[in-house]
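Structural overview
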Amino acid sequence: MQLDQLYQDIILDHYKHPQGRGLRDPFAAEVHHVNPTCGDEVTLRVQLEGDRVVDVSYEGQGCSISQASASVLYELLVGRSVAEAMAVHAAFVELMGGKGQITPDEDVLGDAIAFAGVAKYPARVKCALLSWMALKDAVARVEEKS
Amino acid sequence: MQLDQLYQDIILDHYKHPQGRGLRDPFAAEVHHVNPTCGDEVTLRVQLEGDRVVDVSYEGQGCSISQASASVLYELLVGRSVAEAMAVHAAFVELMGGKGQITPDEDVLGDAIAFAGVAKYPARVKCALLSWMALKDAVARVEEKS
Amino acid sequence: MTAVTIPEGMPQYGDVPRFDVERVRADFPILGREVYGEKLVYLDSANTSQKPQQVIEAMALHYAYHNANVARSVHALGAEATAAYDNARAKVAAFINAPSANEVIFTKNATEALNIVANSIGGQLKPGDEVVISEMEHHSNIVPWQLICERTGATLRWFGLTEHGRLDESNLDELVNERTKIVSLVHTSNILGTINATARITARVREVGALLMLDCSQTVPHRGFDVVDYDVDFIAFTGHKMLGPTGIGVLWGREELLNAMPPFLGGGSMIETVKMTGTTYAKAPARFEAGTPPIAEAVGLGAAVDYLNSIGMEAIAWHEKELTAYALDALSTVEGLKIYGPKVPVGRGATISFTLGQIHPHDVGQVLDSLGVQVRVGHHCAKPACDRFGVPALTRASFYLYTTTAEIDALVRGLDQAKRMFS
Amino acid sequence: MTAVTIPEGMPQYGDVPRFDVERVRADFPILGREVYGEKLVYLDSANTSQKPQQVIEAMALHYAYHNANVARSVHALGAEATAAYDNARAKVAAFINAPSANEVIFTKNATEALNIVANSIGGQLKPGDEVVISEMEHHSNIVPWQLICERTGATLRWFGLTEHGRLDESNLDELVNERTKIVSLVHTSNILGTINATARITARVREVGALLMLDCSQTVPHRGFDVVDYDVDFIAFTGHKMLGPTGIGVLWGREELLNAMPPFLGGGSMIETVKMTGTTYAKAPARFEAGTPPIAEAVGLGAAVDYLNSIGMEAIAWHEKELTAYALDALSTVEGLKIYGPKVPVGRGATISFTLGQIHPHDVGQVLDSLGVQVRVGHHCAKPACDRFGVPALTRASFYLYTTTAEIDALVRGLDQAKRMFS
Ligand SMILES: Cc1ncc(COP(=O)(O)O)c(C=O)c1O
Ligand SMILES: Cc1ncc(COP(=O)(O)O)c(C=O)c1O
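Residues numbered from 1 in each chain as written. Chains lettered and ligands numbered in written order. Predicted model: local features only at pLDDT ≥ 70, side-chain atom pairs only at ≥ 80, totals over all residues. Heavy atoms only, no water.

1. Here's the deal with the sheet that holds strand S1 (residues 29-34) of chain B
Residues and elements named next belong to chain B. On the basis of which strands lie adjacent, the open sheet formed by three strands has the order S1-S2-S3 and antiparallel pairing. In this open sheet, the two edge strands, each paired with only one partner strand, are S1 and strand S3 (52-61). Across this sheet, the average inter-strand angle for adjacent strands is 20°, counted without regard to direction. In the sheet, strand S2 (residues 41-49) pairs with S3 via nine bridges, with the strands oriented antiparallel. From the neighbouring strand, Gln-47 faces S3, where its bridge partner is Asp-55. Strands S1, S2 and S3 of the sheet are contacted by helix H6 (residues 122-145), whose axis makes an angle of about 145° with S1. (Pairing = 2+ DSSP bridges. Helix = DSSP H or I, 4+ residues; strand = E, 2+ residues; numbered from the N terminus. Axes fitted to C-alpha atoms, helices over the stretch in contact; angles between N-to-C directions. Contact = heavy atoms within 4.5 Å.)

Here is the structure:
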């Protein structure tokens, strides 16, 4: 197995130097997600201003893939409109579900293209998706409230 | 398969002309036994006088083996002392559990030696034993009462 | 002479899907066997089906080269085993046209599937609530409901049967009413062979807002069954009756119902998170698959589904219909033989139960066995149906895709011999 | 020089029962496999064991030539299948020294066995009654008790753990008291490896008149376990961890207890007689085996028992003890590695869980996998034990009769590589 296909340098970088980590105020919604197979957890907060995602803050325990993916999520989505963020989200979920058959679009996914290799490891896809699913849930809750 | 090893003439005779069939008064105990795998049933009464089995009467539905075995039981045990009857009972149970390896003693078992072939058919052993188990139960109940 | 032109698109006799039975038989090693020096004639498929080489090998290969526990490991073997297990679930889902593979729960047999629903849905019943079954149920669709009604104080009610062995729907509107919470019925009877028409009942169930479960243990192996088409809420069936292994059954249910139901068996894999002070549960299917699931059995069941699909369920159903018609005819020539259940090859499956004069089914079965003919005798785990018709036991012959008319002839010959012996 | 004479009857080193590991390995086809071009190193036997050819073939032969349903037919195939099934039960009974084969109930896995007792015994609990488990239980011995305590209002209590991963018995007399109805404990922990000494607990359980259940899922595969010797009331274990197939587990219980317990799953085969208005139940084992049982799986489990007996459980236990001592030594050389559970090869099984610095077990497992080394990572279905030690997840290596010291060396090499990659 080529381990470096899975653990690309970008992933290891984000893992060792996570961006945006920690829980911050103010926030519009907070969610807690668990990966029942492995016990990894994430608490994630989202703050919107009008139509814009102005902060995503998070805390949790997990493997390099889940930690790096939260960090990349932060970098990619904060500052965008909700619609843009959700488009990136959809592209990421599609990539993860593609069993390694999808060529990711760097213009849309930025650093997240490094996760293309993860899609070949079904057991790790859930790790990569943990914070992304939490984000979607959090945004949905904000929208429900308003 | 030699079907006539199983269905010996004695068995078919008892089946077609059952001895002692029907429920009679007086009786000291009555029991109802069921073979849960096939649904065969027997209601059996026993009457003791002192130490002696003076009547066994029965009614039920079942295959030729179970009907014939009740008829043979009646012929063999009625008129004996309880101790003698239980000795015959033990010999019959042993024969049935012997997987066809035991040579029965005609002096003890009389017509019941015809059931030797049944012991080779595990599914039919329960048929042959149905009324015998009921008898044992009935005798035990009488003894409990006294 | 006038030429008859059959309009395009109309079914013609030649259109009937067919397959080569001898070629199918060659896939089943056991069908080449003898018993007591007689050719094996296996007429007990409603009890359990035989297995083709393809199914046996799929499981052996799995154990030999891909065995691991599922859904718990990041390692390569674990990923292989998990993919195989998920793949089997997808195959079964497609086979019954389930909208989502998440709706397919692997149980140990049909009985467990019925118990899950009886306990999870039934556990919420209260005195005054009613459950409706029928007099032709297999014990596995009676006892779980009796137990839960006893525990909760709910009332168990049932459809009676007509003389022809069909559901008596004459009191449908009274029987299924506002108090009814769930109706659980056998779709194809394992004793009478009846295939129950469910449309009127389903309509009434929807009207009163109850749930509908069908025990499809004798349907799914024999003809296409589409859970969407049938507008049903739950179905149960079992692997070993459809060319698959023992140790696996299926509960199918609507996803939103399953995810709202309380769990039944507790343990590994069905949890979201566990603390000593309390636990939250995973969604379906994991929610109802506590402990290590039947992994190799799922692989075997997937292979069985592949095999059935390769023949075609329509072709199988047609083959069985022809056999049933042939057998009903042939058995009607046996004097003293009385069939219990529908006597026409319509609205019934390929399972025929009967008595032969006063001869006890045990004796009939024993004579047939001595000739190699394997039928089931007894109450067929459906004592209330026997009671309904006043018989303690029946002899039952049941057919499947590998059955031939020659085997039915052997049955008829055997019955004649039984008569000679016992009268 | 003085000659030391070892008194007769004293064990000597040469007396230790041994077997040829390479010959054993040759029986397991999967052990010849590669993953990603690397030799497979399977160190996940506590999750599920691999299967020898003898077990795989026994099941394939059963399906190919002796398949039928059991306990329901008079025909020859039915008699063969029933004999095979009963024979497997007798083998399992002898393996754990059960006084009667009737005490061996075949379930779908250990989880079902634990649920049967929790529901049947537990269903009779009342508010004020207490159930005692421990913090090192597998979820399968936690969740069923949580569910039944919720339903009945009984109270769930538990033993805590010492720093060394052993049961904290300091409050035994308070914890197990007159209100305690049942104590259910893991015998060998699947996460910490601890083998619990039960003598004091058993004495206390008897004193207060409670029942004792042991979850022997990780014991029975690895060393001789004698239910009479242990003076226990119920044990549970599972086929797939002892060279047997998936889809089968065992509940053993004292016959008089089993026959007095209310049934759990309802359905075919567990009944005495069924009427629409009420049912009576068969005795054990049938009482708790509703529906078609895992027939071929029982045949496979019987073959697994034969295989284990042919090597000898003492020899297997000794082999694992040596491996454990070797592994504990070898792992102590890995800097940053911390073992959870007993650190000495005494009172523990061949299962070792650890953390490696700050590296998440998923990542450790992935690096090991890339080298062919298959270990399990995560919470091991024992989250409360993880919580007790303040870790979300652990990496676990577990050994069996086919494991070699060379495989442990491969593990250690892999751990070094993981450290290089993630620090
Ligand atoms: C200690 C222990 N108990 C119970 C179980 C449950 O076994 P199964 O998953 O076969 O039901 C396991 C294994 O997963 C175990 O290790
Ligand atoms: C109609 C019906 N329902 C349920 C069952 C139970 O299936 P299983 O024994 O596999 O649980 C059977 C077969 O025995 C059946 O024929």
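2. Structural notes on the site of ligand 1
Around ligand 1, the surrounding shell holds 16 residues, and the nearest of these are C:Thr292, D:Thr111, D:Asp215, D:Thr238 and D:Lys241. Contacts to ligand 1 include D:His240, whose side-chain N or O atom sits 2.8 Å from an oxygen atom. Computed on the free molecule, ligand 1 has an accessible area of 390 Å², of which 99% lies beneath the protein chains in the complex. Partitioning the shell around ligand 1 into residue classes produces two nonpolar, eleven polar and three charged. (Near = heavy atom within 4 Å. Polar contact = N/O pair within 3.5 Å; in protein donor to acceptor, adjacent residues only side chain to side chain. Areas by Shrake-Rupley, 256 points an atom, 1.4 Å probe, with all protein chains shown as cover. Nonpolar A, V, L, I, M, F, W, Y, C, P; charged D, E, K, R; others polar.)

3. Section: the domain arrangement of chain C
Residues and elements named next belong to chain C. Along its sequence, chain C is carved into domain 1 (2-48 + 312-422) and domain 2 (56-309). Taken over C-alpha atoms, the centre of domain 1 sits 27 Å from the centre of domain 2. Contact with domain 1, which involves 37 residues of that partner, is made by 33 residues of domain 2. Of the roughly 2900 Å² buried where domain 1 meets domain 2, counting both sides, 54% is carbon and sulfur surface. A per-residue breakdown of the area domain 1 buries against domain 2 is headed by Met-313, Arg-388 and Tyr-400, which together make up 22% of the total. Scanning the region where domain 1 abuts domain 2 turns up one salt bridge. At the boundary of domain 1 with domain 2, the tally comes to 23 residue pairs in polar contact (both at pLDDT 80 or more). (Domains from an automatic or database assignment. Buried area = accessible area lost by both parts, 1.4 Å probe. Salt bridge = Lys/Arg side-chain N within 4 Å of Asp/Glu carboxyl O.)

4. Points about the site of ligand 2
Taken together, 16 residues sit near ligand 2, with C:Thr111, C:Asp215, C:Thr238, C:Lys241 and D:Thr292 positioned nearest. This site is not confined to one chain, since residues near ligand 2 come from chains C and D. In this structure, C:His138 approaches ligand 2 through a side-chain N or O atom, which is 3.1 Å from an oxygen atom. A distance of 2.6 Å separates an oxygen atom of ligand 2 from a polar side-chain atom of C:Thr238. Relative to its unbound accessible area of 390 Å², ligand 2 is 99% covered by the protein chains. Classifying every residue of the shell around ligand 2 by side-chain character gives two nonpolar, eleven polar and three charged.

5. With respect to the interface of chain C and chain D
Listed as interface residues are 89 residues of chain C and, on the opposing side, 89 residues of chain D. Carbon and sulfur atoms supply 58% of the area buried between chain C and chain D, which totals about 7300 Å² over both sides. Summed over the three residues of chain C that lose the most area to chain D, namely C:Tyr63, C:Val74 and C:Met276, the buried surface amounts to 11% of that side. The closest approach of N and O atoms between C:Asp387 and D:Lys275, which form a salt bridge, is 3.5 Å. At the junction of chain C with chain D, the criterion picks out 52 residue pairs in polar contact (both at pLDDT 80 or more). The element that contributes the greatest number of residues to the side of chain C that touches chain D is helix H2 (residues 53-66) of chain C, accounting for seven residues. Broken down by class, the residue content of the side of chain C that touches chain D amounts to 41 nonpolar, 33 polar and 15 charged.

6. Comments concerning the interface of chain B and chain D
Taken together, the contact pairs five residues of chain B with five residues of chain D. Carbon and sulfur atoms supply 70% of the area that chain B and chain D bury against each other, a total of about 460 Å² over both sides. At the boundary of chain B and chain D, one finds zero salt bridges. Each residue belonging to the side of chain B that touches chain D can be placed in one class, and the counts come to three nonpolar, one polar and one charged.

7. Digging into the relation of the copies chain C and chain D
Superposing chain C onto chain D takes a rotation of 180° plus a shift of 0.0 Å along the axis, which leaves an RMSD of 0.0 Å. With respect to symmetry, the two chain copies, as superposed, fit the operation of a two-fold axis. Considering only C-alpha atoms, the part of chain C nearest the rotation axis is C:Gly247, at 2.6 Å. (Least-squares fit on C-alpha atoms with pLDDT ≥ 70 in both.)

8. Notes on helix H3 (residues 76-95) of chain D
For an α-helix the count is 3.6 residues per turn, leaving residues at separations of three or four pointing the same way. All names here are of chain D. Helix length check: H3, at 20 residues, gives a terminal C-alpha distance of 29 Å against a target of 28 Å (1.5 Å per residue), a fit within 8%. For H3, the set of buried residues is Ala-76, Leu-77, Gly-78, Ala-81, Thr-82, Tyr-85, Ala-88, Arg-89, Val-92, Ala-93 and Phe-95. Within two residues after H3, Asn-97 carries a phi angle of roughly 55°, on the positive side. (Expected span 1.5 Å × (residues − 1). Buried < 20%, exposed > 50% of the residue type's maximum accessible area, 1.4 Å probe, protein only.)

9. Notes on unusual backbone geometry
Cis peptide bonds are those with omega within 30 degrees of zero, and the linkage from A:Asp25 to A:Pro26 qualifies with -10°. Secondary-structure assignment places A:Pro26 in the loop between helix H2 (9-16) and strand S1 (29-34). Positive phi, close to 50°, is recorded for C:Asp231, a residue that is not glycine. Relative to the helices and strands, C:Asp231 resides in the loop between strand S8 (211-215) and strand S9 (234-238).

10. Digging into the packing of aromatic side chains
Here the structure, examined in full by the defined rule, presents 21 aromatic pairs over all chains. Aromatic pair A:Phe92 and A:Trp132: ring centres 4.0 Å apart, planes at 20°, arrangement stacked. Of the two residues, A:Phe92 is situated in helix H4 (residues 82-96) and A:Trp132 in helix H6 (residues 122-145); the sequence distance between them amounts to 40 residues. Residue A:Phe92 is classed as buried on the basis of its relative accessible area of 0%. Taking relative accessible area as the criterion, A:Trp132 reaches 0% and is therefore assigned buried. In this structure an aromatic cluster arises from ring pairing among C:Phe28, C:Tyr307, C:Tyr400 and C:Tyr402. We note C:Arg388 situated over the ring of C:Phe389; from NZ or CZ to the ring centre the distance is 4.6 Å. (Phe/Tyr/Trp six-rings, centres within 6.5 Å; stacked < 30°, edge-to-face > 60°. Lys NZ or Arg CZ within 6 Å of the ring centre and 35° of its normal.)

11. Quick look at the sheet that holds strand S4 (residues 104-107) of chain D
Strand-to-strand pairing in sheets goes through backbone hydrogen bonds, with the strands running parallel or antiparallel. Residue and element names in this part refer to chain D. Taken in spatial order, the seven strands make up an open sheet running S4-S10-S9-S8-S7-S5-S6, and their pairing is mixed. Pairing within the sheet leaves two strands with one partner each, and these edge strands are S4 and strand S6 (155-159). For this sheet, the mean inter-axis angle between neighbouring strands, taken without regard to orientation, is 20°. When strand S7 (residues 180-186) meets strand S8 (residues 211-215), the two strands line up parallel, connected through five bridges. Within S8, the position partnered with Val-183 by the bridge is Leu-212. Against the sheet, helix H7 (residues 199-208) contacts S6, S7 and S8, and its axis sits at roughly 150° relative to S8.

12. Concerning the environment of C:Ala296
Mapped onto the elements, C:Ala296 comes out in helix H9 (residues 295-311). When the C-alpha atoms of C:Ala296 and C:Leu323 are compared, they prove to be 33 Å apart, with 27 residues separating the residues in sequence. Those residues in contact with C:Ala296, other than ones at most four positions away along the chain, are C:Met59, C:His62, C:Tyr63 and D:Thr246.

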